[in-house]
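# Structure assessment
If you want the building blocks of each chain, they are given just below.
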Amino acid sequence: MGVFLLQFKPFVCALTFALSSLLLLLELANAQQSGVTRHYKFDIVMTNVTRLCHTKSMVTVNGQFPGPKIIAREGDRVVVKVVNHVQSNITIHWYNEKSLKPSTCTILHGIRQLRSGWADGPAYITQCPIQTGQSYVYNFTIVGQRGTLFWHAHISWLRATVYGPIIILPKRGVPYPFTKPYKEVPIIFGIVIFLGEWWNVDTEAVINQALQTGGGPNVSDAYTLNGLPGPLYNCSAKDTFKLKVKPGKTYLLRMINAALNDELFFGVANHTLTVVDADAVYVKPFDTKTLVIAPGQTTNVLLRTEPTYPSANFFMLARPYVTGQGTFDNSTVAGLLEYENPSSPSSPSFNKNLPLFKPALPPLRDTSFVTNFTNKLRSLATAQFPANVPRTVDRRFFFTVGLGSSPCPANGTCQGPNGTKFAAAINNVSFAMPTTALLQAHFFGRSRGVYSPNFPIVPLSQFNYTGTALNNTVVSNGTKVVVLPFNTSVELVMQDTSVLGAESHPLHLHGFNFFVVGQGFGNYDPVNDPARFNLVDPVERNTVGVPSGGWVAIRFQADNPGVWFMHCHFEVHTSWGLKMAWLVLNGNRPDQKLPPPPSDLPKC
């Protein structure tokens, strides 16, 4: 029987390739249309996955790791039915898409949910989780965005394995404002490269143990490129991401950091990358040998290949950028850039007899490089792609962000600072997760006992935020929100603290894009620093890093009614309470009001 099947193996392989090519062609034909409705089905299932010689059963979408891609054009409507077949509750956040409905996994990161906050996804903020055996339909329209975003689970640490790309093409007939990338069927939409992490054990067990003991969680066992750890780890040579290219071409790489707790450097040996997009917003192009990208951020880059077939092999590498004092995964993930030999296209791309080059990534704690890279990010600020930064400000806020501690329970033993438990806070308030979704409580007028509207707009006590650490590190707890009238123009300064050691914090705001108008080191100076704000072409993002031992200033227009989560995208800091919510009231006109929830909204 085995010999019989072996005889037909070439036919089976050819048929499989033909079917795959046909699916890609159908997907391509569908994507050529714009202003259409695109339907997807996400089945949340348990899947056995093996990496580093460890096999574990983990939560995935449609059995894929990373998960399936969503492809749409600006102006399209996207409908995703999420069905939960696992024992865990789940929600999905669609990274700031501009219009959505909720699900069991909170997934759409970056999609601006304009008047569709019911689809934003964070558990117990805009929706209750999708429970086992239940389903929910996310329904949103992509408005004013083009580039790369991603979807991911937004409950506990499930996003370690539940994530996938959102590829937003420009409207049909609208060209990219940069060099046209090379297109053929396998890479017609650009090449998605996910930076991620792999744990040999269940990540839910990792964070549950940390919250119980009060100490820091165990770090990951490897970093990954598109779910693969690569050849620098033990028992991983076969699990290596390989990017096959042709000489003399320009490729569009869609970079996404889906790691839980690490900012990452990325580079390709002997190749320059041109940054053209950040968080699905075009930027003024600039060249770099190395990217730095925080969890939750996306960056589109152009990779120009060598003009002729090179006599060498090239590594793609990623490793962490580190600022804090805690433990971290000090390892490097590698992938291979493989050139197709024009004289022998069918021959293996990787020739082990050729030299193998590695990119020179910055040192682990190279904050100077990160600052210089960040300062190069600027909006196009053209008539076609304007930077609509608010020039006047209605409300100003000053938030401290950082770590702290909470008391150890009586008769308990805790592994946090001086026998306490680790905590994290904004303006010394560590967010307490409710058991009823905030948006539902607000919409139906049942906020009493769920949340209070008195989140402090400035620190309750001032101190030298980046100076000598305080003796008292205990934070308060509460479920508090900031209430904003519709269309309020907001300026928010976020200040890192050295309470338990300075470190960077990638802050993600749901429901809005914002403009990064200023940043610096040390304590923010409200008298002198605003004079240096960039109100001409600041970068527009949905996730920004608060510099270690420094501050960042953002501005946004609160023109989207609903309850919008803001949190650190280091998952451990979010678990410790570094999060809060903005409640934006309805406007006067019908198109400025939050519509009622959909009938299939999950119940708590």
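Whatever comes next refers back to the structure up there.
This report concerns the structure included in the present document. Just so you know, these numbers come straight off a predicted model, no measurement behind them. (Residues numbered from 1 in each chain as written. Predicted model: local features only at pLDDT ≥ 70, side-chain atom pairs only at ≥ 80, totals over all residues. Heavy atoms only, no water.)

## Quick look at the overall build of the chain
Counting secondary structure elements, the chain contains six helices and 34 strands. The 604 residues of the chain split such that 60% are buried. Sequence separation of at least 24 residues holds for 78% of the intrachain contacts in the chain that already meet a minimum separation of 6. Entry remark: accessible area of the chain is about 23900 Å², with carbon and sulfur atoms responsible for 53%. (Helix = DSSP H or I, 4+ residues; strand = E, 2+ residues; numbered from the N terminus. Buried < 20%, exposed > 50% of the residue type's maximum accessible area, 1.4 Å probe, protein only. Contact = heavy atoms within 4.5 Å. Areas by Shrake-Rupley, 256 points an atom, 1.4 Å probe, with all protein chains shown as cover.)

## Some points on the sheet that holds strand β10 (residues 191–198)
One open sheet accounts for six strands, arranged β11-β10-β13-β18-β15-β16; its pairing is mixed. Only two strands of the sheet have a single neighbouring strand rather than two, namely β11 (222–225) and β16 (281–288). The mean inter-strand angle of the sheet, taken between neighbouring strand axes irrespective of direction, is 25°. By the bridge criterion, seven bridges tie strand β13 (residues 250–257) to strand β18 (residues 298–304) in an arrangement that is antiparallel. Note that in β18 the partner of Arg 254 across the bridge is Asn 300. (Pairing = 2+ DSSP bridges. Axes fitted to C-alpha atoms, helices over the stretch in contact; angles between N-to-C directions.)

## As for unusual backbone geometry
A cis amide bond links Phe 65 to the next residue, Pro 66, at an omega of -10°. Within the element layout of this structure, Pro 66 appears in the loop between β2 (54–61) and β3 (70–73). Backbone geometry places Cys 53, a non-glycine residue, at a positive phi of 65°. Tracing the backbone through its elements, the reader meets Cys 53 in the loop between β1 (37–51) and β2.

## Details of the sheet that holds β1
If you walk across this open sheet you meet the four strands as β2-β1-β4-β7, and the pairing is mixed. Every interior strand has two partners, whereas the edge strands, β2 and β7 (135–141), have only one. This sheet shows a mean twist of 25° between the axes of neighbouring strands, independent of strand direction.

## A word on the pairing of strand β28 (residues 505–509)
Of all five residues making up β28, five are buried, and the element is well covered by its neighbours. Side chains His 505, Leu 507 and Leu 509 project from β28 onto one buried face, and the interleaved Pro 506 and His 508 project onto a second face that is buried too. Pairing analysis gives four bridges linking β28 to strand β31 (residues 543–546), with the strands arranged antiparallel. Each bridged residue has a counterpart across the sheet, and for His 508 the counterpart in β31 is Thr 543.

## What about empty space enclosed by the protein?
One way to see where empty space is left: roll a probe the size of a water molecule over the atoms. Scanning the model with the defined rule gives one cavity of 30 Å³ or more in all. Here the largest cavity is characterised by a volume of approximately 50 Å³. In this structure, the largest cavity is lined by Leu 169, Tyr 176, Pro 181, Tyr 182, Lys 183, Ile 187, Ile 188, Phe 189, Gly 190 and Leu 252. Here the lining of the largest cavity is composed, by residue class, of eight nonpolar, one polar and one charged. (1 Å grid on protein atoms, 1.4 Å probe; cavity = no way out; pocket = protein on both sides within 12 Å on 5 of 7 lines; lining within 4 Å. Points joined across faces, edges and corners; volume = space filled by probe spheres on them. Nonpolar A, V, L, I, M, F, W, Y, C, P; charged D, E, K, R; others polar.)

## What about the state of the cysteines?
By the definition in use, this model includes three disulfides. Each disulfide pairs two cysteine sulfurs, and for Cys 53 the partner residue is Cys 235, the sulfurs being separated by 1.5 Å. Here the S-S torsion is close to 50°, and the disulfide linking Cys 53 with Cys 235 is therefore right-handed. Here Cys 53 is found in the loop between β1 and β2, whereas its partner Cys 235 is found in the loop between β11 and β12 (242–245), with 182 residues between them in sequence. The exposed category is assigned to Cys 53, whose relative accessible area is 56%. By relative accessible area, which is 38% here, Cys 235 ends up partly exposed. One disulfide bridge connects Cys 128 with Cys 604, the sulfur atoms lying 1.7 Å from each other. Handedness here is read from the sign of the S-S torsion; for Cys 128 and Cys 604, about -90°, the answer is left-handed. Of the two residues, Cys 128 sits in the loop between β6 (106–109) and β7 while Cys 604 sits in the segment after β34 (579–584), which places them 476 residues apart along the sequence. Using a relative accessible area of 2% as the deciding quantity, one classes Cys 128 as buried. What links to what in the chain: the bonded cysteines, counted in sequence order, pair as 1-3, 2-6, 4-5. (Disulfide = S-S within 2.5 Å.)

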